[in-house]
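# Architecture at a glance
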Amino acid sequence: MKSLLTKMIQVRELSIILLMVVFCLFVGSINSQFTSMSTIVLLLNGSIILLILAIGQSFVLLTSNIDVSVGSIMGLSAAVCGTLLTSGANLSVVVFTVICVGGVIGLINGIGVSYLKIPAIIMTLGMLGVVRGLMLLYTEGMWIEDIPNYYKKFARLEVLNIPLPIWIGALLIFISYLFLSKTKFGRYFYAVGDNTDGAQLVGLPVNIVKVLAYILSGISASIASLIYVMNIGFVSNQTGSGIELQVIAAAVLGGVSLTGGIGTVLGAGLGAVFFTVINSSLVYMKIPAYWNSAIAGLLLILIVVGDSKFQKYLKRGSSKSLKNQRQKKITLEVTKHEKHPKALT
């Protein structure tokens, strides 16, 4: 029983859920409203944009790269979405165009990193500035308002008493999980991130995998922008600014390694939810707003470090247990041989 519990806790996703439950119960003991069903749904709904961005970021991190341009891609995509909606464009045209915007920018990032051999942080940091500038030029620095009501109503549409954006996020996690874990090409992302040179030697399409990772990251940013416009109802000229660091933090909190080859999109999604819970909990604990960033950052560090140390402790305990079992087996064989020397001959 103890061994089973240890194995369950060692599963990253389960340990995140356990940490989240403990944290929520702690905050709930201070303010009971935090653990109400309405608050839980509100927190899930509020985490969807970060969750979708974290899914896309996971593909890039798995290949041992990074994408810090997702915030600006989301901003430009939101601006395109807003202008098309206010001009009366068909919804299918809006969705297709916005996704293409993210996909094209992701393609440029991927080509720069994979074929031009530009370091990922430099390539995507440069694109962050370029795309942010394009957004300001496109909108002339103005906010986009008067989003059609029919589009904003999608945010309030519920299926089984759960808002539509949550279902979209869950569907994206499910599709991404199946792709990465159940398809041959999906497992290439792990192989490339774990050992790029080895993947090339066995003939895996390393550059294509990296390019596809950036395309998927860009598309995720575009999907997040569609939900952002749906939820907020307008597009400011700072949409998506600064969110890229939160996305990376959420993915890492969910167990996706910065060195590549380790992690799951489910873990990244849970990390995004947990990150939102941490930020929102400060409001329910009635902590002054100017403390929010400092305390949220400190809590994030403590939780990640604490979980890392706990996982190492569990692995060490597990290895000791296996060693003891092997020792007992050897001792039993020796004792058996001493009592019945002919039994083993």
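If you're wondering where the values come from, they're calculated on a predicted model, not measured in any experiment.

Our next topic: the packing of aromatic side chains. Applying the stated rule across the entire model yields 10 aromatic pairs. Ring geometry for Phe59 versus Phe189: centroids 5.5 Å apart, planes at 75°, classification edge-to-face. Of the two residues, Phe59 sits in helix H4 (residues 48-62) while Phe189 sits in helix H10 (residues 184-194), which places them 130 residues apart along the sequence. Pair check on accessibility: Phe59 and Phe189 agree, each one buried. Ring plane angle 70° and centroid distance 5.8 Å describe the contact between Phe179 and Phe189, whose orientation is recorded as edge-to-face. Note that Phe179 is positioned in helix H9 (residues 164-182) and Phe189 in helix H10, a separation of 10 residues in sequence. The buried category is assigned to Phe189, whose relative accessible area is 0%. Among the aromatic residues, those joined into a ring-pair cluster are Phe59, Phe179, Phe185, Tyr188 and Phe189.

A few words now on the nonpolar core. In terms of nonpolar packing, the biggest core is built from 84 residues, with Leu53, Val229 and Val277 touching the most fellow members. With residues up to four places along the chain from it excluded, the contact list for Leu53 reads Val70, Met74, Ser220, Ala221, Ala224, Ile243 and Val247.

This part is about the confidence of the model for the protein. For the protein, the average pLDDT comes to 84, and 83% of its residues sit at 70 or higher. Element-level pLDDT for the protein is lowest in helix H1 (residues 2-10), with a mean of 50, against a maximum mean of 95 in helix H6 (residues 91-114).

Here is what the cut-offs are and how they apply
- Residues numbered from 1 in each chain as written.
- Predicted model: local features only at pLDDT ≥ 70, side-chain atom pairs only at ≥ 80, totals over all residues.
- Heavy atoms only, no water.
- Phe/Tyr/Trp six-rings, centres within 6.5 Å; stacked < 30°, edge-to-face > 60°.
- Helix = DSSP H or I, 4+ residues; strand = E, 2+ residues; numbered from the N terminus.
- Buried < 20%, exposed > 50% of the residue type's maximum accessible area, 1.4 Å probe, protein only.
- Core = buried A, V, L, I, M, F, W, Y, C linked by side-chain atoms within 4.5 Å.
- Contact = heavy atoms within 4.5 Å.
- pLDDT = per-residue confidence, 0-100.

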